[in-house]
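Below, each chain spelled out in residue letters.
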Amino acid sequence: MTKPTPRPAGNFFEDFRLGQHIEHATPRTITDGECALYIALTGARQPVHCATPVAQDLGYPSKPVDDLLAFHIAFAKTVPDISVNAVANLGYADVRFLRPVYVGDTLSTASTVIGLKQNSNGKSGVVYVRSESRNQHSEVVLSWVRWVMVHKHDLQAPAPETVIPTLPEVVIRANLAVPRFLRAAQLDAQVTGSARLWNDYVIGERIAHPAGMTVEEADHTLATKLYQNNARLHFDALMMQDSPFKRRLMYGGHVISVCRALSYDGLENVISIAAINGGTHSNPSFGGDTFYAVTEVLEKWELPGHHDLGALRLRLIGLRNLPADQFDSLHIEQDGKSGYHPQVVLDLDYTVLMPRR
Amino acid sequence: MTKPTPRPAGNFFEDFRLGQHIEHATPRTITDGECALYIALTGARQPVHCATPVAQDLGYPSKPVDDLLAFHIAFAKTVPDISVNAVANLGYADVRFLRPVYVGDTLSTASTVIGLKQNSNGKSGVVYVRSESRNQHSEVVLSWVRWVMVHKHDLQAPAPETVIPTLPEVVIRANLAVPRFLRAAQLDAQVTGSARLWNDYVIGERIAHPAGMTVEEADHTLATKLYQNNARLHFDALMMQDSPFKRRLMYGGHVISVCRALSYDGLENVISIAAINGGTHSNPSFGGDTFYAVTEVLEKWELPGHHDLGALRLRLIGLRNLPADQFDSLHIEQDGKSGYHPQVVLDLDYTVLMPRR
Amino acid sequence: MTKPTPRPAGNFFEDFRLGQHIEHATPRTITDGECALYIALTGARQPVHCATPVAQDLGYPSKPVDDLLAFHIAFAKTVPDISVNAVANLGYADVRFLRPVYVGDTLSTASTVIGLKQNSNGKSGVVYVRSESRNQHSEVVLSWVRWVMVHKHDLQAPAPETVIPTLPEVVIRANLAVPRFLRAAQLDAQVTGSARLWNDYVIGERIAHPAGMTVEEADHTLATKLYQNNARLHFDALMMQDSPFKRRLMYGGHVISVCRALSYDGLENVISIAAINGGTHSNPSFGGDTFYAVTEVLEKWELPGHHDLGALRLRLIGLRNLPADQFDSLHIEQDGKSGYHPQVVLDLDYTVLMPRR
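All residue numbers refer to positions counted from 1 along the written sequence of the respective chain. The lettering of chains begins at A and the numbering of ligands begins at 1, in the order of writing. This being a predicted model, a pLDDT of at least 70 is required before a residue's local features are given, and a value of 80 or more before pairs of side-chain atoms are given or counted; all residues contribute to the totals for chains, interfaces and linings. The basis for the side-chain values is all heavy atoms of the structure; hydrogens and waters are excluded.

A. Region of the structure containing the relation of the copies chain C and chain B. For the match of chain C to chain B, the screw axis carries a shift of 0.0 Å, the RMSD comes to 0.0 Å, and the turn is 120 degrees. Within this description, the copies of the chain are treated as partners about a three-fold rotation axis. Proximity to the rotation axis, assessed at the C-alpha, singles out Gly33 of chain C in chain C; its C-alpha lies 2.2 Å from the axis. Least squares is used to superpose the copies, and the fit set is the C-alpha atoms of residues whose pLDDT is at least 70 in both copies.

B. Region of the structure containing the interface of chain C and chain B. Here, residues are in contact when the closest pair of their heavy atoms is within 4.5 Å. Between chain C and chain B, the contact holds 43 residues from the first and 32 residues from the second. When two components associate, each loses some accessible surface as probed by a 1.4 Å sphere; the sum of these losses over both components is called the buried area. Carbon and sulfur atoms supply 58% of the area buried between chain C and chain B, which totals about 2800 Å² over both sides. Taken as a group, Ala40, Arg45 and Arg206 of chain C account for 19% of the area that chain C buries against chain B, more than any other trio of residues on that side. In the sections that follow, a salt bridge refers to a side-chain nitrogen of Lys or Arg positioned within 4 Å of a carboxyl oxygen of Asp or Glu. On inspection of chain C and its partner chain B, the count reaches one salt bridge. Those elements that place two or more of their residues in the side of chain C that touches chain B are helix 1 (32-42), helix 2 (47-50), helix 3 (52-57), helix 6 (189-192), strand 7 (206-208), strand 8 (213-214), helix 7 (217-226) and strand 10 (290-303) of chain C. Helix numbers and strand numbers start at the N terminus; a helix is a DSSP run of H or I with at least 4 residues, a strand a run of E with at least 2.

C. Expanded view of unusual backbone geometry. All names here are of chain B. One non-glycine residue, Lys246, lies in positive phi territory at about 70 degrees. Within the secondary structure layout, Lys246 lies in the loop between helix 8 (237-240) and helix 9 (252-262). On the basis of relative accessibility, which here comes to 58%, the residue Lys246 falls in the exposed class. Throughout this description, buried means an accessible area under 20% of the type-specific maximum (1.4 Å probe, protein chains only), exposed means over 50%, and partly exposed covers the range between.

D. Geometry of the pattern of salt bridges. Per the stated rule, a full pass over the model turns up 58 salt bridges over all chains. For Lys63 of chain B, the salt bridge is made with Asp32 of chain B, and the minimal N-O distance between the two is 3.2 Å. In this pair, Lys63 of chain B is assigned in the loop between helix 3 (52-57) and helix 4 (67-76) and Asp32 of chain B in helix 1 (residues 32-42), connecting sequence segments 31 residues apart. What makes Lys63 of chain B buried here is its relative accessible area of 7%. Taking the relative accessible area as the measure of exposure, Asp32 of chain B reaches 23% and is therefore partly exposed. Between Glu216 of chain C and Arg248 of chain B there is a salt bridge; the shortest N-O distance is 2.6 Å. Taken together, the residues Glu216 of chain C in the loop between strand 8 and helix 7 and Arg248 of chain B in the loop between helix 8 and helix 9 connect one chain to another.

E. Structural detail: the interface of chain C and chain A. With 32 residues of chain C at the contact, the number on the chain A side is 44 residues. Interface of chain C and chain A: buried area, both sides summed, is about 2800 Å²; carbon and sulfur atoms make up 58% of it. Summed over the shared surface of chain C and chain A, the number is one salt bridge. Under the rule applied, a polar contact is a pair of N or O atoms within 3.5 Å (in protein, one hydrogen donor and one hydrogen acceptor; residues adjacent in sequence only if both atoms are side-chain atoms). Linking chain C with chain A are nine residue pairs in polar contact (both at pLDDT 80 or more). Where the side of chain C that touches chain A is concerned, the elements lending two or more residues are strand 2 (28-29), helix 1, helix 7 and helix 8 (237-240) of chain C. If one sorts the elements of the side of chain C that touches chain A by residue count, helix 7 of chain C sits on top with six residues.

Printed below as a string of structure tokens:
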């Protein structure tokens, strides 16, 4: 007697209501274990996250968790409720890193539906959610918006009123959170391996990061399980044999992490990520791919009240099986249309904090 | 001058004596590092083991280690003395989880020979051992019986008197350990993702857990090394080329862990494993296999003195390369004989604690 | 506008000056997370590093990090400055383990150029560096010499004066550091699994360690990223397709770790590594290789002032795809020349401390 599940798990388009608030399950404590594994999975070397004394010199009370590790764990909590029935993850915006997450902190994530739009085919729709992750002191540490296309289960369910939220193109300077205690000038070149500070970067400059990294199936599935992101398409090779990809798809967030780790050589003095303004996973990535990264400097901002710190708005371009020094153009023309170069897998717009002179 | 080892390492059938007590080597401290890696290797999401505040709300003084992680580590200690020369691991029974194991605890395991039976061929025999693992306070945290078929090295050694211990079919309710401090009602649906409690499960019900997980060679060998289980057939691919399997065999305990992690969706409110009544690894598992899980509810027990908690006796069926919703029957008839379906790799009978209304 | 890097990153032969002092970047805190992952990656079982109470019984104030894990992390720090443009890692000597590294310690590494010799082709040269790694209390915990062949970038740069440092064949007994607090006699056979102590080993004896271990691409790349060793040839499979090896090369240090872990069965009572006298990575190793290990006892030393402890100088022979019990000779004759057997990948000369009666 197999108990038939009345309908598949997770929410469908018709289950979402504007203004609906969802507290996501399975809060997570981030320990030194998660941090060590993150280093092994990505090759990350940012000293603030690898060396407690460096963090303390900068004013952190203890070792902060890598921004992206915290983000992936916070984000993963939303998957069972928001995107397990997703047709596609369409985008994210206004990702703000509001407070450091420290080793030992426990993150819980909640989401609010801020937009809905049924597709004209009547079979699916787009759901916009604002998600926030809080630590054990109920302080918001991360806030972001994403929108996903979700199947309808009951095709007869009426279409909701269309509401499309207005989202910022970029997290503006005034919305960047800078820890008050931060003594940015304490980060010295000896610790990071480079004397290049905020002042030395030029808008429009492009950095071809030298290293490449091959990611095995075991690597990305270990990472995605570490984040407790249980979206099936990353794990179930048998199911994915019947997909257009024929194999497991790599979690896009892990591609961000790998490319960001590669970008250390050339961006050594980044202290933290302040915001992700938006991003496109322009092509799928798979186990066995070798990644390379290119960074473009989009903007430079002074930060009022912080004479020793500036913000850099960067474009991180992730390349699959194409070394960074062979990369030329993000887009190609094909059949009269412009699209992403097939070896560009990531086009991420984000903002970092860096010491200035 | 290679020093010839007088005989292979480990014990042979004739080395075991009824009543013999063996203190196993290499005690192990279980840290946050082991816990994080366990999550990455299995995808486990039980909040009690992932979120310290959840554990504390339930009354645990600090974060308890996943029951199966503790078991695999405790069990692994017995391998060099008991099963390194095993022909086959025949079974286990009366596995009791007597006390929580906390992050930072150090486990040591000892075994007593409780049964012996030489096989009629005179070349091997069955050894029954009761093993106990203790923490650094000398408290028994785990106790179990297993029996293995072990080669004889000296075929002339006389057969011992046959003693076959009486083993319980099931760990009876009175033998289930429930921590006194446990405030089961504190586990809320928001934390676990489901409001389904002990009261809501029906005897005979079958749950087809939705997710699948592909396990790479690197995954299961990392896990088994993490447990410090050094049985060679899991690690030595060159040696295994000459085996009937032609490749490394996955440690059966890791199959249990993966299937149990898959069973989270449908059994969200399990607080802990109280007992393993028995189990059969009905077919071998290998790197590259995709696992699915089905649970059957066998029994429901109230627990005297615990009005907020009940026990569920469950059958966890592990499937290899067969999605749970395609699973029909555990056994098939072939050549007039009934046997396990070739894609059933695990048939585990165990008992969990769950909050009740 | 891709900003052309004026020249590749890292130092070239002409950049090194005799007496030059280099403080290497990205100090690293070693946590329980690193330790757990090291166990999972190598199968290490030394109780001093796995069980806090065992370490404390021996007098350690807390759990010391595995000697080789500490070494790999300390060593990795030198890669970006010293060997990222290396043609070949030629050798190492006088590796001294001066103080235990404890969980929570932060290591920083600095190097001094102690020798230079331009090659006769004028295109490269050999650089000798003495490196030291210090903990957060500025105490030197590790000291070693290595020499690498490095490309010249500017072929017109004048050759430096040739200086070749005198290096010891072996770290002499007087230079072995023994922690004052060490109570070696507290390590009992029950904890390690063997009663064989320093007294029982015989000079010239050869131990064929029984186990084998297959190392996947994911295993060695995870390990090398864990160490934060960013030498590209270990990670970039695409780049390595054009190398003579056609694939990623395994970091030699990880081969040492795997072989040392295999050597536990036969050397159970080793407390710590006191020195590495020298080593040869006689053949390359790759993902998919199965490793075996053989140990030869080279020397036995009493340690003045330590009646309960002796030193063993050992030769650890690492074998690739050749079981230890089939190993015969380290060298073979081919075309009238003697060279390493093609399946010997490691010939390591090192010194350990072990309790004595």
